[in-house]
Amino acid sequence: MNNQERTGSILEPMSARAVTVPLAQVPNALTVFRLALIPVFVALLVSAEGGRSWPAALVFGVAGVTDQLDGWLARRWRVESAFGRVADPLADRLMIDAAVILLVVVHHRLPWAALALILTRDALLIGGYKLIVPRGYELSVNFLGKLATWLLYAALGFVMVTHRGAEWPLWIFWIGLGFALAAGALYISSAVRLVRR
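These figures come from a predicted structure and were not determined experimentally.

Conventions and cut-offs
- Along each chain, numbering runs from 1 in the same order as the chain's sequence is written.
- Confidence filtering applies because this is a predicted model: local features only for residues at pLDDT of at least 70, side-chain atom pairs given and counted only at 80 or more, and all residues used for totals across whole chains, interfaces and linings.
- Values reported for side chains reflect all heavy atoms of the structure, with hydrogen atoms and water molecules removed beforehand.
- Each helix is a run of H or I in the DSSP string that is no shorter than four residues. Each strand is a run of E no shorter than two, and both are numbered from the N terminus.
- Relative accessible area decides the class of each residue, using a 1.4 Å probe on protein chains only: under 20% of the type maximum gives buried, over 50% gives exposed, and in between gives partly exposed.
- Contacts are assigned to residue pairs with any non-hydrogen atoms lying within 4.5 Å of each other.
- Calculation of accessible area relied on Shrake-Rupley with a 1.4 Å probe; when residues are assessed, cover is drawn exclusively from the protein chains displayed.
- Stacked, tilted and edge-to-face are the three classes assigned to paired rings of Phe, Tyr and Trp, where Trp is represented by its six-membered ring and a pair needs centres within 6.5 Å; plane angles under 30 degrees give stacked, over 60 edge-to-face, the rest tilted.
- A helix is expected to span 1.5 Å for every residue after the first.
- Axes are fitted to the seven residues ending at a residue and to the seven starting at it; the angle between these axes is taken as the bend at that residue.
- Within the patch definition used here, like charges are joined within 9 Å and nonpolar side chains (Val, Leu, Ile, Met, Phe, Trp, Tyr) within 5 Å, considering only residues with over 30% relative accessible area and no salt bridge.
- The term salt bridge refers to a side-chain nitrogen of Lys or Arg lying within 4 Å of a carboxyl oxygen of Asp or Glu.
- Whenever two N or O atoms come within 3.5 Å, that pair is a polar contact, provided that in protein one can donate a hydrogen and the other can accept it, and provided that, for residues adjacent in sequence, both atoms are side-chain atoms.

With respect to the overall build of the chain
A tally of helices and strands in the chain yields 8 helices and 0 strands. Secondary structure elements of the chain occur, N-terminal to C-terminal, as α-α-α-α-α-α-α-α. By residue count, 39% of the 197 residues in the chain fall in the buried class. Nonlocal contacts in the chain, meaning residues at least 24 apart in sequence, comprise 80% of its contacts between residues at least 6 apart. On the chain, roughly 10,900 Å² of surface is accessible, and the fraction owed to carbon and sulfur atoms is 68%.

Here it is in structure tokens:
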């Protein structure tokens, strides 16, 4: 079985990176920066009264922007790396999970069902990862997963800057979470199909 069959994708010739070595490190540096923002965000949100904090929302928003920027730069500059493929989604999961945990457990701004479903989504992603990576396969994040991440970042940020009882950020959150669960299911389905080949 050749590599094209194992990945289940059409392979394209590898192209050289489009930027100098220092610039090639920028996408990964942004990912590391996003990871470093997590404890800052947690400290700001934990100390916020009623889970409402513009500083925490600002840090969370910066994390969301870097999420889009690092991947876009890596693809545009052709400097995608094994580190980025693992650390980029990990940083998103940790930041979003931290926000949900604090808004549920500490500030009671989200229902417990939100935390349960977020953890279910993460279990699906981890299960799919463990299923395919040891066998040499790779799966790219689909558009549905990216859309879910955008909506979750936006919804959680809005929750942090609105007063308790505001319902419209929760509607965005549930829509984003629905997309996230659907993306996780598609991820698992693709992983199972690849493994069965």
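Quick notes on the environment of Val26
Here Val26 lies in helix H3 (residues 26–46). Using a relative accessible area of 27% as the deciding quantity, one classes Val26 as partly exposed. For the pair Val26 and Ala74, spaced 48 residues apart in sequence, the C-alpha to C-alpha distance is 8.3 Å. When sequence neighbours within four positions are dropped, the list of residues in contact with Val26 reads Leu73 and Trp77.

Here's the deal with the packing of aromatic side chains
Scanning all chains against the criterion turns up 5 aromatic pairs. Ring centres 4.9 Å apart and planes at 50° place the aromatic pair Phe60 and Tyr153 in the tilted group. Here Tyr153 lies in helix H7 (residues 143–161) and Phe60 lies in helix H4 (residues 54–76), a separation of 93 residues in the sequence. The same class applies to Phe60 and to Tyr153, which are both buried.

Re H3
For H3, with 21 residues, the first-to-last C-alpha span of 30 Å sits near the 30 Å given by 1.5 Å per residue. Its axis deflected by about 25° at Ile38, H3 carries its strongest bend there, up to four residues before the proline Pro39. For H3, the set of buried residues is Pro27, Asn28, Leu30, Thr31, Arg34, Leu37, Ile38, Phe41 and Leu45. If you follow the buried residues of H3, they end up packed against helix H2 (21–24), H4, helix H5 (82–106) and H7.

Remarks on a nonpolar patch on the surface
Where nonpolar side chains cluster on the molecular surface, the patch consists of Ile101, Val105, Val106 and Trp112 and spans about 370 Å² of accessible area. Top element by residues in the nonpolar patch is H5. It accounts for 3 residues. A residue is classified by how much of its surface remains accessible, and Val105, at 37% relative accessible area, is partly exposed.

Some words on H7
Residues spaced three or four apart along an α-helix point in a common direction, a consequence of the helix completing one turn every 3.6 residues. Compared with an ideal rise of 1.5 Å per residue, which puts 19 residues at 27 Å, H7 spans 28 Å between its outermost C-alpha atoms and is within 8% of the ideal. Those residues of H7 that sit buried are Gly145, Ala148, Thr149, Leu152, Tyr153, Ala155, Leu156, Gly157, Val159, Met160 and Val161.

Remarks on the pattern of salt bridges
According to the stated counting rule, one finds 7 salt bridges in the structure shown. The partner of Asp122 in a salt bridge is Arg93, and the shortest N-O contact between them spans 3.9 Å. Of this pair, Asp122 sits in helix H6 (residues 112–132) while Arg93 sits in helix H5; the two residues are 29 residues apart in sequence, bridging distant segments of the chain. Arg93 shares its class with Asp122; the two are buried. The closest approach of N and O atoms between Asp97 and Arg121, which form a salt bridge, is 3.6 Å.

Examining the side chain of Asp70
For Asp70, the location among the structural elements is in helix H4. Here Asp70 falls in the buried class, since its relative accessible area comes to 3%. For Asp70, the side chain forms a polar contact with the side chain of Arg34, separated by 2.9 Å. Residues within four places of Asp70 in sequence aside, it is in contact with Pro27, Leu30, Thr31, Arg34 and Asp88.

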